[in-house]
Every structure is written in structure tokens, then in C-alpha cells.
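Okay, here's what each chain looks like letter by letter:
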Amino acid sequence: MVAEVLHDLGQGVRRVIDVLRRRARCSDRRCAAGSWTIYPAGVYPHRSYQLCVVAAAVAEVCFAGGRRRAVAARHDCSRRSVSRWVRWTARLASPMDLGRLCARLDPEGLPPPTPAAAEGEVSRAGSVLRLLDHLGDVLLRRGVALPGRGPGLLRILTAQLARFGDVCWLTRPSPPLRVAPEGLPL
């Protein structure tokens, strides 16, 4: 299978065209697993736009007040994709649950709240992004090696994929983000 993958470089998006993704199948015809795609290290499954691009676009909308059309142009996607990413991020986890987990692991403090000017879904998505970044930093300070580099969204979701096989889908219902200490690689 040939795909197109977009990665974030900090200054913009890098488009990689004709990425070969191999398929595998169990040699036992009765195997219930069927076939699956083999993803290279550092690539989150079922994504053309990798999580670093999603996190950068959502952060620009939530924290810099970026207009979705302008953010979409900078990240080489559609305005609808940016809106979908903001909505998806807002629904990924409860900011209250993430805040409680961060406070339990790091009694020193939490990241600053999302700017008051943003309301509703944008504010919630911003809170989730900040808390995932903070959680990733707390875990690293505690000596927990998280897979991947970059924003907390990428590090935490990649850790849950590696540990539990959980894929947080964008286009269909995802398993809930595991925001309890037993769900973390402590």
C-alpha cells in the first residue's frame, strides 16, 4: 500500500509522498487476526497527518488565536481538518481527569490555564493539549521513557499504543484515553 504522510518540522509541514506501507497476514488461514499494516517506528497508525501536525495546528488555534483557514494553509490541510482536529482533541480526555492525574504525579503545580478569551471546544482542546504536554514532561522527570519525541499528545498516545495497542482514531470512536496511574508506563 502506498500512502502520503505529513510530518511537522516545527516551521511547517513536510510532505512525504509514496510511503510504502507493507501488509502482513498470518500464515494460518484460520487466524482471526486476518491481515494488518506494518507501520514504521515513529508513525502513528491510520494517520496521513501525523500527531505532531495535529498538535501544532490545534495549538495554533487554541493558544495563538489562529484563524482556522490560515492555520490550514500553514499546515497544508483543509479548514475542515483543523476543525475536526480541535473537536477530536477536546474529546480525547477530560481536562479535569488529566489535571487530577498531573497534580497527583507532580504536586509542584500545573501548567497555566488556557487563555480566558477562548471558550467551549477550543478552550477544552487547549486544556487537553497543555495537560498532555505537562503529563509527558512529568513522566520524563520521573524517569519514564516515553516513545516518540515532540508534543505530549504524540508522546502519551504513542505510549498507550505501545503498551495497550490502543489506537485513538480520528474518524471513528476511540478507546478512552487512559488517565489513571495504572494506565501509564510508570
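Our subject is the structure that appears above.
All values derive from a computational prediction rather than experimental measurement.

Enquirer: I keep staring at the pattern of salt bridges and nothing clicks. Help me out?
Expert: One side chain can pair with another of opposite charge once the charged atoms of both are near each other. Throughout the structure, instances matching the rule amount to five salt bridges. Among the ionic pairs, Asp106 bridges to Arg141, the shortest N-O distance being 3.1 Å. Separated by 35 residues along the polypeptide, Asp106 in the loop between α4 (95–105) and α5 (120–141) and Arg141 in helix α5 bring together distant segments of the chain. Here Asp137 ties to Arg155 by a salt bridge, and the two come within 3.2 Å at their closest N and O atoms.

Enquirer: Explain unusual backbone geometry to me, please; I cannot follow it from the model alone.
Expert: Peptide bonds are mostly trans, and most non-glycine residues show a negative phi. Despite not being glycine, Asp76 shows a phi value in the positive range, around 55°. Within the secondary structure, Asp76 is located in the loop between α2 (68–74) and α3 (79–92).

Enquirer: Would you explain the packing of α5 against helix α6 (residues 152–164) in this entry?
Expert: Describing two packed helices takes the angle between their axes plus the distance from one axis to the other. As a packed pair, α5 and α6 sit with axes 7 Å apart at the nearest point and diverge in direction by 65°. Classified by the angle their axes make, α5 and α6 are roughly perpendicular. Both α5 and α6 take part in a crossing whose hand is left-handed. On α6, the residues touching Leu129, Leu132, Asp133, Leu135, Gly136, Asp137, Leu139 and Leu140 of α5 are Gly152, Leu153, Arg155 and Ile156.

Enquirer: Even after reading the chapter, I still don't get α3, so can you show me in this structure?
Expert: Each full turn of the α-helix corresponds to 3.6 residues, which orients residues three or four apart in the same direction. Over its 14 residues, α3 extends 20 Å from the first C-alpha to the last, a length consistent with the 20 Å expected when each residue adds 1.5 Å. Restricting attention to buried positions, one finds in α3 the residues Ser81, Val82, Ser83, Trp85, Val86, Trp88, Thr89, Ala90 and Leu92. Buried positions along α3 lie against α1 (51–63), α2, α5 and α6.

Enquirer: Would you mind going over the environment of Leu132 with me for this structure?
Expert: Residue position: Leu132 is located in helix α5. For the pair Leu132 and Ile156, spaced 24 residues apart in the sequence, the C-alpha separation amounts to 7.0 Å. With sequence-adjacent residues up to four places away left out, Leu132 is seen in contact with Leu92, Leu98, Gly152, Leu153, Ile156 and Leu177.

What counts, and at which threshold
Residues numbered from 1 in each chain as written. Predicted model: local features only at pLDDT ≥ 70, side-chain atom pairs only at ≥ 80, totals over all residues. Heavy atoms only, no water. Salt bridge = Lys/Arg side-chain N within 4 Å of Asp/Glu carboxyl O. Helix = DSSP H or I, 4+ residues; strand = E, 2+ residues; numbered from the N terminus. Axes fitted to C-alpha atoms, helices over the stretch in contact; angles between N-to-C directions. Parallel < 35°, antiparallel > 145°, perpendicular 65-115°, else oblique. Left-handed = near helix turned anticlockwise from the far one by under 90°. Contact = heavy atoms within 4.5 Å. Expected span 1.5 Å × (residues − 1). Buried < 20%, exposed > 50% of the residue type's maximum accessible area, 1.4 Å probe, protein only.

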